[in-house]
Amino acid sequence: MRNKFELLAPAGSLDILKGVIEAGADAVYLGGRQYGARAYADNFSEEELLEALDFAHLRNRRVYLTVNTLLKEQELSGLKEYLRPLYLHGLDAVIVQDFGAAAKLLEWFPDLAVHASTQMTVTGAEGVRLLQEAGFSRAVLSRELSLPEIQNICRQTGMELEIFVHGALCYCYSGQCLFSSMLGGRSGNRGRCAQPCRLLYSVLDEDGRRLLKDSYILSMKDLCAVDRLPQMADAGVYSLKIEGRMKQLSYAAGVVRAYRKYIDCFLSGQKAVFPLRAEEKKAIADLGSRCGFTDAYLDGENASPMITYEKPSFSAQESALQIPRSYLPIQGKLTLKKDEPTVLELTDGKHQVTVTGDASQTAKNQPLQKEDIRKRMEKTKDTAFSFTELEIVLPEPLFLSNGALNQLRRDGIAALERAVLLEYNRTMPEEEDCRTAREASAPPPKKNRIICAIEDRRQLAAVLEQEAVTDIYLSMDAYSAKQGLQEQTKDIARCHEADKAAFLIFPAVFREKTANAYTRMANELQNCGWDGAVVKNYEALWFVRSQFPQLPIVIDHNLYTYNR
């Protein structure tokens, strides 16, 4: 069991970033004006991103930038310059969907952490191993996984895992939904999802008779997994992610404050707190939800109670949210001597700075009083710091203007801020120090191939009659549970007799149960005589590479390829 969680909060603006950090977030994820999967959020300008990094780092928090859309070749070329100033300024990690973008980021910025977005649809240990091999440092798992699946992934890979614990759910696996693209030309994988799952639909039977009229049958309730903190710790989860870059400050900071409270309760050993009482759960629900909450996926369930049906809109109880400011403790020593520069020494326990100011003079009328000096020096409430101790050395009656004291305080705080932030600053690595890009060699010329993919065995006879068809892709769904291997062997032979190659299509989602089933029949599949495999996810890609290393692999459209 882990003794620490990272609480990861969304931020759609600089004000929200400051609010969620003050509310207790350990890290924040946000988007810039390019490459993010929330094109309609306010998002951050470069100047705001730099300010956000400083604000977070002064408080020992982390900032992750979303670069989680699919990138076309011409867009990929601008990514390095887009990230350069943020990398130099200490950006902690990028969250990526596009494997090509990840490969370039790992080449350009070898010490920048790259997290696999939930948009990559990572559902199993095989996919996580592939990401580890490629250089990813964290995987954001699909929301649909159960706690036992998450635990097995952690145990088998040791990868740093992040899961969503609160907020909106998609009806489809994240990254695999084309509904918005098909209905309105707005792609979720390009950051422009129109949320068609929140619209009204009617349900018809196969004869066109209406079974259900005007219902929100695709609209999911919101996720709330605060009750599951003990089980998530047992599963080995590291980062707990709150959804909501389009949400307001009151929601984002309120949810963060609630989760901070219960995470701290759990980490301090107060396990009896869970599950929460009804009034505690209601306080979280009042911050906002869609028709209540669900955490059924964590139990391996996907059933009707997870759907809103009647109302898809997000609603919240209006309330004034007061988030108290938090400050980092510092100690200081102020030394005043006649006709000598005034000296201020500051430390936060790790960094130490010294600044000097104007010289003090012999007091003629109103000498400085230590308490007056203290009040002026401790006016740091607009900074990240607060004095817990301030020693004032005032050996004789002296005078120094209030303006000089104020300037000394400002200079000291600024110097301490620079010392803290200096640790985060980077320099660009020399080109020869970067990872060598793996340039794909040009394949040998091949004749044109015409491929037919079939989902039903009854289609095979008609396809075999077509001389122009060179390759046939056969789905495992086309075969029966009991006689599947025998049927496959027979169909492969029919393909070969017709001088056509036979490729096995692996499932669109390759979770633990499916992976185990394929592992059990790996030898039989090998002996069937398949000419290649068609894979739709990173789990199947890893599986085929490891189980059938000589088998040619075709990457299907589900493993999006938008650049070279």
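To start, this report covers the structure provided alongside it.

Rules used in this analysis
Residues numbered from 1 in each chain as written. Predicted model: local features only at pLDDT ≥ 70, side-chain atom pairs only at ≥ 80, totals over all residues. Heavy atoms only, no water. Pairing = 2+ DSSP bridges. Helix = DSSP H or I, 4+ residues; strand = E, 2+ residues; numbered from the N terminus. Axes fitted to C-alpha atoms, helices over the stretch in contact; angles between N-to-C directions. Disulfide = S-S within 2.5 Å. Buried < 20%, exposed > 50% of the residue type's maximum accessible area, 1.4 Å probe, protein only. Contact = heavy atoms within 4.5 Å. Polar contact = N/O pair within 3.5 Å; in protein donor to acceptor, adjacent residues only side chain to side chain. Core = buried A, V, L, I, M, F, W, Y, C linked by side-chain atoms within 4.5 Å. Salt bridge = Lys/Arg side-chain N within 4 Å of Asp/Glu carboxyl O. Right-handed = clockwise from strand over helix to strand, strands pointing away.

**Side note on the sheet that holds strand S13 (residues 307-309)**
Either a parallel or an antiparallel arrangement is found when strands of a sheet pair, and the pairing is made through backbone hydrogen bonds. Strand order in the open sheet formed by 3 strands is S8-S9-S13, and the pairing between neighbours is antiparallel. The open sheet has two free edges, formed respectively by strand S8 (201-204) and S13, since each of these has just one partner strand. Neighbour-to-neighbour, the strand axes of this sheet turn through a mean angle of 50 degrees, independent of strand direction. Inspection of the sheet shows strand S9 (residues 210-220) paired to S13 by 2 bridges, in the antiparallel sense. Bridging from a neighbouring strand, Tyr 216 pairs with Tyr 309 of S13.

**Overview of the state of the cysteines**
Summed over the entire model, instances satisfying the criterion amount to 0 disulfides. Here Cys 197 is not disulfide-linked; the sulfur of Cys 193 is the nearest cysteine sulfur, at 6.2 Å.

**With respect to helix H5 (residues 99-108)**
Of all the 10 residues making up H5, 7 are buried; the element is thus mostly covered by neighbouring parts of the structure. Of all the positions in H5, only Gly 100, Ala 101, Ala 102, Leu 105, Leu 106, Glu 107 and Trp 108 are classed as buried. In the core, the buried residues of H5 are packed alongside helix H3 (73-76), helix H4 (79-88), strand S4 (93-96), strand S5 (113-116) and helix H6 (125-134). N-cap assignment for H5: the residue whose side-chain oxygen lies 2.7 Å from the backbone N of Gly 100 is Asp 98.

**Considerations on the side chain of His 57**
Mapped onto the fold, His 57 is located in helix H2 (residues 46-58). With sequence-adjacent residues up to four places away left out, His 57 is seen in contact with His 89, Gly 90, Asp 92, Val 420, Leu 421 and Tyr 424.

**Details of helix H1 (residues 14-23)**
Most of H1 sits inside the fold, with 8 of its 10 residues counted as buried. Among the residues making up H1, those that are buried are Leu 14, Ile 16, Leu 17, Gly 19, Val 20, Ile 21, Glu 22 and Ala 23. At its buried positions, H1 is contacted by strand S1 (6-10), strand S2 (27-31), H2 and helix H10 (249-267). The positive-phi residue at the C-terminal boundary of H1 is Gly 24, with phi of around 125 degrees.

**Quick word on the nonpolar core**
Generally speaking, a soluble globular protein has its nonpolar side chains buried in company with each other. If you look at the biggest cluster of nonpolar residues, it comprises 136 residues, and the most contacted ones within it are Leu 79 and Leu 83. Ranked by the residues each element gives to this core, the list is headed by H10, at 11 residues. If near-sequence neighbours (up to four positions away) are discounted, Leu 83 is found in contact with Leu 65, Val 67, Leu 91, Val 94, Leu 105 and Phe 109.

**Focus: the pattern of salt bridges**
Under the definition given, this model contains 35 salt bridges. Lys 104 is paired through a salt bridge with Glu 107; the nearest N and O atoms lie 3.0 Å apart. Here Lys 104 pairs with Glu 107, and both are found in helix H5, just 3 residues apart, close to one helical turn. Given a relative accessible area of 22%, Lys 104 falls into the partly exposed group. A network of salt bridges, in which partner residues are shared, links Glu 6, Arg 62, Arg 138, Glu 160, Glu 162 and Lys 241.

**Some points on the pairing of S2**
In terms of residue burial, S2 counts as a mostly covered element, since 5 of its 5 residues are buried. Burial along S2 is two-sided: the face carrying Ala 27, Tyr 29 and Gly 31 and the face carrying Val 28 and Leu 30 are both buried. The pairing of S1 with S2 spans 3 bridges and is parallel. Pairing of Pro 10 across the sheet is with Tyr 29, part of S2. Taking the sense of rotation as the criterion, the β-α-β connection linking S1, H1 and S2 turns out right-handed. Pairing geometry for S2 and strand S3 (residues 62-67), over 5 bridges, is parallel. For Tyr 29, the partnering residue across the bridge sits in S3 and is Tyr 64.

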